Amino acid sequence: MKKICKYIGLLSIGVAALSCSNFEELNTDPNSAYTTRPEALLSYSQKELSDYLNTPSVNENNFRLTMQYWQEVTYVDESNYDFVTRNIANSVWLDLYVNTLQNLVKAKSIINAYVPTASEQSTWPATKKNQLAILDIQQVFVYQTLVDTFGDVPYTASNNIDENPLPKYDKGADIYADLITRLKADLAVIDPNGGTFASGDLFYNGDLAKWKVFGNSLLLKLAIGIADYNPALAQSTATTAVSSGVMTSAGDNCAFSYLSASPNYNPLFENLVASNRNDFVAGKTLVDYMNASSDPRRANYFDNNVTPYKGGTIGRPSGFAANSHIGKFAYTETTQGVIMNYTEVAFYLAEASARWGVGIGATAAYNNAVNASLTEWGVSTADAAVYLAAHPYNAANWKQSIGEQAWVAMFNQGTTGWNFYRRLDYPVLLAPPTAVSQAEGKVPVRLQYPIRETTTNPTNYAAAAASIGGDKLTTKLFWDKN
């Protein structure tokens, strides 16, 4: 049996998570956290990040439900935005701060403390810089995810139990600005002629050129994230990212390859098949939209168990047999977990062009983005041309053009779809009438802080809640200006 070992502490009293991966190449790692190789920590953090982003577990990631891509069959609490009963925010906090970030922090400390052998003296400085840059780029990604989920979060004082047992929260805008600076520095020190991780990098196998492309794409994502808050910084950052080289095809995708056996298969398969439960069907909002446009992606997004395609009413129990099931990709053990892909980046490029004229023309960039999604889901060139002709770019309302198409395209990337929705205000989504009162009749625009933070880190929690305008589902993030 594969072995999994973790040591987890609570963020509010300091975080420590050192682990050995359950992947085949890591089975011989030592039990002691103090002798764990950085490669093992890297692998574990990558799997934990992918699991969080891709799981449909109602205990961790409900953004497919929030974005009305999916609907629950029997238990509909999360479809109605009840995220408190299961303390979902605490699971997100644990997934990102503990299981992901803290493993990267520990990997860095091991690398910084390493004393090279005599034969490594000449090559180690470049290898060390490259390894630390790879780890830090991933940290930037995770911190952006945390800010985009909660708003103000622990940053400068996070993941350091000795110095900051009760970490303060930093302002989301300050974190974003620092992440941009930090990422630029990471990209500047990567030496393509230097060494890298010989093993353990399950995203890019240590390919430094791929990491630079991913880093530039992440820089573009950061820029687009603050486009309405700080247009000047956003535009200059986007220009730098695009000129430096972002993703240009699916070959640049950052993805996690799952295995066919438990416990290393895709979390979609885990929740839709291995659980022996039938908890989800397609959501009516998305299905109706795609039906109205004869969207050719339906054949892959959904199963053909019912014809025509039919989605469950949002917020209401929806019969499993009477509604369209999620497509076969979700019932396949080895479906890759998406971290960031070309389709997502293509839509950022469309935004950058529409907002500032960065890159190619806006119409061409929009067409590229829509085509990227159609290609990703196996649509033929001929059918893609028909779809695009029926859905041309509208410069007069580019936010609707890009927003609605990005929403459809991010069907299997719920957290990313939520970002597009909040930033562009399209599509127009309505909260179900059965939604919890805390939603105030609206689709949530943030998660509330973990309940644990209110009791174990109350002073810093209270300051953060006041800073953002109240710890509510309806409190807009600093960058959500419209």
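What you are looking at is a predicted structure, and each value in this text was computed from that prediction instead of being measured. (Residues numbered from 1 in each chain as written. Predicted model: local features only at pLDDT ≥ 70, side-chain atom pairs only at ≥ 80, totals over all residues. Heavy atoms only, no water.)

### Some thoughts on the overall build of the chain
Next, step 1: Helix and strand counts for the chain stand at 17 helices and 6 strands.
Next, step 2: Computed over the C-alpha atoms, the radius of gyration of the chain is 22 Å, within 12% of the 23 Å expected from 2.2 N^0.38 for a compact globule of 482 residues.
Next, step 3: Taken along its principal axes, the extent of the C-alpha atoms in the chain is 65 × 50 × 45 Å.
Next, step 4: Looking at the chain as a whole, 60% of its 482 residues are labelled buried.
Next, step 5: For the chain, the share of sequence-separated contacts (at least 6 apart) that also reach a separation of at least 24 residues comes to 73%.
Next, step 6: Positive and negative side-chain charges in the chain, numbering 35 and 43 respectively, have mean positions lying 3 Å apart. (Helix = DSSP H or I, 4+ residues; strand = E, 2+ residues; numbered from the N terminus. Rg over C-alpha atoms; globule rule 2.2 N^0.38 Å. Buried < 20%, exposed > 50% of the residue type's maximum accessible area, 1.4 Å probe, protein only. Contact = heavy atoms within 4.5 Å. Lys, Arg positive; Asp, Glu negative; His and termini not counted. Charge placed at Lys NZ, Arg CZ, Asp CG, Glu CD.)

### Focus: the packing of aromatic side chains
Next, step 1: Per the counting criterion, the structure on display carries 36 aromatic pairs.
Next, step 2: Taken together, a centroid distance of 6.4 Å and an interplanar angle of 65° make the contact between Trp 377 and Phe 411 edge-to-face. Linking Trp 377 in the loop between helix H12 (362-376) and helix H13 (381-390) with Phe 411 in the loop between helix H14 (398-409) and helix H15 (414-424), this pair joins segments that are 34 residues apart in sequence. Each of the two residues, Trp 377 as well as Phe 411, counts as buried.
Next, step 3: Members of the aromatic cluster, joined through ring pairs, are Tyr 69, Tyr 289, Tyr 301, Phe 302, Tyr 309, Phe 329, Trp 377, Trp 407 and Phe 411.
Next, step 4: Its end group placed over the ring of Trp 70, Arg 64 keeps NZ or CZ at 5.1 Å from the ring centre.
Next, step 5: Directly above the aromatic system of Trp 418 lies the positively charged group of Arg 422, at a separation of 3.5 Å from the ring centroid. (Phe/Tyr/Trp six-rings, centres within 6.5 Å; stacked < 30°, edge-to-face > 60°. Lys NZ or Arg CZ within 6 Å of the ring centre and 35° of its normal.)

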